[in-house]
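Tertiary structure, described
Residue-level listing of the chains:
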Amino acid sequence: MMRRRDFVTKGVTLSVCCSLLSSSNGSAQALEMLPFKADGYNFWTWRDRRIHYVEQGAGKPVVLIHGFGASAFHWRYNIPELAKKYKVYAVDLLGFGLSEKALVDYEATVWMEQVSDFLREVVKEPAVLVGNSLGGSTTLLTATEVPELVRGVVLVNSAGQFGDPNSPPESPPAAAEEEQPESAVTRLIVRPIKEAFQRVVIGFLFWQAKQPARVEKVLKSVYKDATNVDDYLIGSITAPAADPNAGEVYYRMMSRFMANQSRYTLDRLLGKLSCPLLLLWGDLDPWVGPAKAARINEFYQDSTVVNLQAGHCPHDEAPEQFNKALLEWLASLEARTPAAEPEPTLQAV
């Protein structure tokens, strides 16, 4: 099979280099910021669960999807600016932010189905999806499953890994279970002991993760410029952890969702993607470095890279540069839409 790197047409690679004087240190203070509301903005009922979202502006829709542990409030410096030209939505994924802490089996498909239904029932027209970290992998999966609802994808230091080309193909989960039936010893002894141990370890990790000092330390390790690691940001992350179900939700995410990441590798998803792709990448990210963005750009034909001198969350660390780059790409997307997707009712004169 021909690899995408062999295609002649490639996305343009851009570089946005920001000096200390033009970084988020001070520039974010000049931007309008979304006010924090402890009781939320808007709520949508999805499968009998309350889902929180923010909605601002008018125009073609742009949907923002946060990363692990974050919420719609992480887009505080982006929503007001983008809303000057677009209809902007920022949604809290199930189990995060002000959305319900539902006791369900957390798989990547749960969030994909949530975002797909959000597009159908709330947005009601094809949108550009923008996702950071976990939100990036969610947007990519959504775009491959419901391409008719997605006009473009923006990955912001996205989660996800390329598959190992040397590993044998995986068997379908159901078939694997039939081939390897679980013994009574495993079912009655091994599995309960393993789960009990996991609960103790993950329970301790959750207790650590919800401490404000711990949250601040982690954020400062992934923000090159920690100016915007403030009470607003820390509070928006720690407040949801007070929910009575938060600990169990964290356990289910860590023990189940994180263990099944290999099912949705980047090469599999990119191989099914059919819309324009922008990679807005913080080059100083200690978790997801620029090499991943370069590899995605090499793999996927219709992609553009913008490199920002920021860490894992460039949309919040360097919002002025992030907003500028995103708005320019959105404008270029609008310019190409008529030629790429002509309206069937329009006639050439």
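Residues numbered from 1 in each chain as written. Predicted model: local features only at pLDDT ≥ 70, side-chain atom pairs only at ≥ 80, totals over all residues. Heavy atoms only, no water.

When you go through the protein residue by residue, the secondary structure sums to 13 helices and nine strands. Looking at the 349 residues of the protein, the share that counts as buried comes to 48%. As displayed, the protein offers around 17100 Å² of accessible surface, 56% of which is attributable to carbon and sulfur atoms. (Helix = DSSP H or I, 4+ residues; strand = E, 2+ residues; numbered from the N terminus. Buried < 20%, exposed > 50% of the residue type's maximum accessible area, 1.4 Å probe, protein only. Areas by Shrake-Rupley, 256 points an atom, 1.4 Å probe, with all protein chains shown as cover.)

All right, on to the packing of helix 7 (residues 212-222) against helix 8 (residues 231-238) then. Two elements in contact, helix 7 and helix 8, have axes whose closest approach is 10 Å; the angle formed by their N-to-C orientations is 120 degrees. Considering the relative orientation of helix 7 and helix 8, their crossing is right-handed. Here helix 7 contributes Pro212, Val215, Glu216 and Leu219 to the contact with helix 8, which in turn contributes Leu233, Ile234, Ile237 and Thr238. In terms of residue class, the contact of helix 7 with helix 8 is made up of six nonpolar, one polar and one charged. (Axes fitted to C-alpha atoms, helices over the stretch in contact; angles between N-to-C directions. Left-handed = near helix turned anticlockwise from the far one by under 90°. Contact = heavy atoms within 4.5 Å. Nonpolar A, V, L, I, M, F, W, Y, C, P; charged D, E, K, R; others polar.)

With respect to the secondary-structure elements, Trp44 resides in strand 2 (residues 42-46). Overall, Trp44 belongs to the buried group, its relative accessible area being 8%. With 74 residues separating them along the chain, Trp44 and Phe118 place their C-alpha atoms 8.5 Å apart. Those residues in contact with Trp44 that lie beyond four places of it in its chain are Arg49, Arg50, Ile51, Tyr53, Gln114, Asp117, Phe118, Glu121 and Val122. Side chain to side chain, Trp44 and Glu121 meet in a polar contact 3.0 Å long. (Polar contact = N/O pair within 3.5 Å; in protein donor to acceptor, adjacent residues only side chain to side chain.)

What follows deals with the confidence of the model for the protein. Across the protein, pLDDT averages 83, with 74% of residues at or above 70. Contacts of residues 172-179 to residues separated by more than four positions or lying in other chains number two contacts, the stretch itself having pLDDT below 50. Confidence over residues 339-349 falls short of pLDDT 50; this stretch has one contact with residues more than four positions distant or in other chains. (pLDDT = per-residue confidence, 0-100.)

Our focus in this paragraph is helix 11 (residues 290-299). When we look at burial in helix 11, the residues that qualify are Lys292, Ala293, Ile296, Asn297 and Phe299. Viewed along the axis of helix 11, the buried residues span an arc of 165 degrees, placing them on a single side of the element. (Arc of directions from axis to C-beta.)

Moving on to the pairing of strand 2. Taken together, the five bridges between strand 2 and strand 3 (residues 49-56) define a ladder with antiparallel strand orientation. Looking across to strand 3, one finds that Phe43 is bridged to His52. Following strand 2, the chain reverses through two residues before pairing antiparallel with strand 3; Arg47 in that reversal takes a positive phi of roughly 50 degrees. (Pairing = 2+ DSSP bridges.)

One pass over the full model with this rule turns up 14 aromatic pairs. Here Phe68 and Phe96 contribute two aromatic rings whose centre-to-centre distance is 5.2 Å and whose plane-to-plane angle is 75 degrees, an arrangement assigned as edge-to-face. Of the two residues, Phe68 is situated in the loop between strand 4 (61-65) and helix 2 (79-82) and Phe96 in the loop between strand 5 (87-91) and helix 3 (108-123); the sequence distance between them amounts to 28 residues. With relative accessibility at 31%, the residue Phe68 sits in the partly exposed group. Their ring planes at 45 degrees and their centres at 6.4 Å tell us that Trp75 and Phe322 sit as a pair that is tilted. In this pair, Trp75 sits in the loop between strand 4 and helix 2 while Phe322 sits in helix 13 (residues 319-340), placing the two residues 247 residues apart along the sequence. Like Trp75, the residue Phe322 is buried in the burial classification. Over the aromatic face of Phe43 sits the side chain of Arg50, whose NZ or CZ is 3.9 Å from the ring centroid. Lying across the ring of Phe162, Arg295 places its NZ or CZ 4.1 Å from the centre. (Phe/Tyr/Trp six-rings, centres within 6.5 Å; stacked < 30°, edge-to-face > 60°. Lys NZ or Arg CZ within 6 Å of the ring centre and 35° of its normal.)

Before going further, it helps to examine helix 3. Spanning 16 residues, helix 3 covers 21 Å between terminal C-alpha atoms, matching the ideal 22 Å at 1.5 Å per step. Of all 16 residues in helix 3, 12 are buried; the element is thus mostly enclosed. Buried within helix 3 are the following residues: Ala108, Val110, Trp111, Met112, Gln114, Val115, Ser116, Asp117, Phe118, Leu119, Val122 and Val123. Lys124 lies just past helix 3 and shows a positive phi near 65 degrees. (Expected span 1.5 Å × (residues − 1).)

This next bit is on the nonpolar core. Counting residues in each nonpolar core, the largest one holds 50 residues, and the members touching the most others are Val63, Phe118, Leu119, Leu270, Leu273, Leu277 and Ile296. Here the element with the most residues in this core is helix 3; it accounts for nine residues. Membership of the second largest hydrophobic core comes to 28 residues, among which are Val62, Phe73, Ala90 and Leu278. (Core = buried A, V, L, I, M, F, W, Y, C linked by side-chain atoms within 4.5 Å.)

With that out of the way, let us pick up the side chain of Asn228. Among the secondary structure elements, Asn228 is positioned in the loop between helix 7 and helix 8. From its side chain, Asn228 meets the backbone oxygen of Asp316 in a polar contact 2.7 Å long.

Next up on the list: the packing of helix 3 against helix 4 (residues 134-145). Between helix 3 and helix 4, whose axes approach to 9 Å, the crossing angle comes to 65 degrees. The orientation of helix 3 relative to helix 4 falls into the category roughly perpendicular. For the crossing formed where helix 3 meets helix 4, the hand is right-handed. Counted together, Ala108, Thr109, Trp111, Met112, Val115, Ser116 and Leu119 of helix 3 and Leu134, Thr138, Leu141, Thr142 and Glu145 of helix 4 form the full contact between these two elements. Of the residues assigned to the contact of helix 3 with helix 4, the class counts are seven nonpolar, four polar and one charged. (Parallel < 35°, antiparallel > 145°, perpendicular 65-115°, else oblique.)

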